[in-house]
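Below, each chain spelled out in residue letters.
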Amino acid sequence: MNRSLPLAAGVGLLAALGVYRLVPYLPTALGTAAVYAGAAYFHLAFDVSLLAEAPRFEDRTDRIGYGLGLFGLSVTPLLFGHYAGGDAAVFAFVVAFFGAVAFLTLSEQARRQGDEAA
């Protein structure tokens, strides 16, 4: 059984809980969760690093993980903008943005790793 997706969901939920404590607005926390779940999925499924060279996905599960992360990337800034206010919101935005960078980097590395294996 592939454990990458459930573990990635757990990472996303942990990120959501942390952000929700800073910015108690559920849509913002869920958007952040989607970004971190996507990043964690590619890190776990492909054993890629944020510091390695940066990834087309043939597998359906990979496309779902990528789509989840892209959804989070697209809605989270809008949700932060809606909530905006205070130092906690700024720190939570930085956390979400770091997750966005991690997701994009890891998903691209995973795609390249998949291309090399084919």
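Residues numbered from 1 in each chain as written. Predicted model: local features only at pLDDT ≥ 70, side-chain atom pairs only at ≥ 80, totals over all residues. Heavy atoms only, no water.

## Notes on the overall build of the protein chain
Formally: Helix and strand labels come from DSSP, where a helix needs a run of H or I of at least four residues and a strand needs a run of E of at least two; each type is numbered from the N terminus. For every residue, the accessible area (1.4 Å probe, protein chains only) is compared with the maximum for its type, and the residue is labelled buried under 20%, exposed over 50%, or partly exposed between those bounds. For the area figures, the Shrake-Rupley method with a 1.4 Å probe applies, and any residue is considered shielded solely by the protein chains shown.
Across its full length, the protein chain carries four helices and zero strands. Counted from the first residue to the last, the protein chain has its helices and strands arranged as α-α-α-α. With 118 residues in all, the protein chain has 39% of them scored as buried. Within the structure as shown, the protein chain displays about 6900 Å² of accessible surface, and the carbon and sulfur contribution to it stands at 66%.

## Remarks on the nonpolar core
Heads up, the condition is: Each nonpolar core is a collection of buried residues, namely Ala, Val, Leu, Ile, Met, Phe, Trp, Tyr and Cys, held together in the definition by side-chain atoms within 4.5 Å.
The biggest cluster of nonpolar side chains holds 14 residues, and the ones touching the most others in it are Phe 42, Phe 46 and Phe 103. Put simply, the parts of the chain that give this core at least two residues each are α2 (26–46) and α4 (86–117). Broken down by element, this core gets its largest block of residues, six residues, from α2.

## So, a nonpolar patch on the surface
Basically, it comes down to this: Patches here are clusters of residues that have more than 30% relative accessible area and form no salt bridge, with a 9 Å joining cutoff for like charges and a 5 Å cutoff for nonpolar side chains (Val, Leu, Ile, Met, Phe, Trp, Tyr). Any Lys or Arg side-chain nitrogen located within 4 Å of an Asp or Glu carboxyl oxygen qualifies as a salt bridge.
A cluster of nonpolar side chains, contributed by Tyr 20, Leu 26 and Leu 30, occupies part of the molecular surface with about 300 Å² of accessible area. Relative to the helices and strands, Leu 30 resides in helix α2.

## Re the confidence of the model for the protein chain
Should pLDDT be low for a region, the predicted coordinates there are not to be read in detail. We apply this condition: Per-residue confidence from the predictor is reported as pLDDT, which spans 0 to 100.
For the protein chain, the mean per-residue pLDDT works out to 80, and 84% of the residues sit at or above 70. No element of the protein chain has a lower mean pLDDT than helix α3 (residues 60–83), which averages 77, and none a higher one than helix α1 (residues 4–22), which averages 93.

## Quick notes on the packing of α1 against α2
The criterion, for reference: Fitted lines through C-alpha atoms serve as axes, helices being fitted only where they are in contact, and the angles separating the N-to-C directions of these axes extend from 0 to 180 degrees. Left-handed is the label given to a crossing in which the near helix is rotated counterclockwise from the far helix by less than a right angle, and right-handed is the label when the rotation is clockwise. Contacts were defined at the residue level, with two residues in contact if any of their heavy atoms lie within 4.5 Å. Under this grouping Gly is polar, as are all residues other than the nonpolar Ala, Val, Leu, Ile, Met, Phe, Trp, Tyr, Cys and Pro and the charged Asp, Glu, Lys and Arg.
Two elements in contact, α1 and α2, have axes separated by 7 Å at closest approach and are oriented at 145 degrees. The hand of the α1/α2 crossing is right-handed. Of the residues in α2, those in contact with Ser 4, Leu 5, Leu 7, Ala 8, Ala 9, Val 11, Gly 12, Leu 13, Ala 15, Ala 16, Val 19 and Tyr 20 of α1 are Leu 26, Thr 28, Ala 29, Thr 32, Ala 33, Tyr 36, Ala 37, Ala 40, Tyr 41, Leu 44 and Ala 45. Its residues assigned to classes, the contact of α1 with α2 comprises 19 nonpolar, four polar and no charged.

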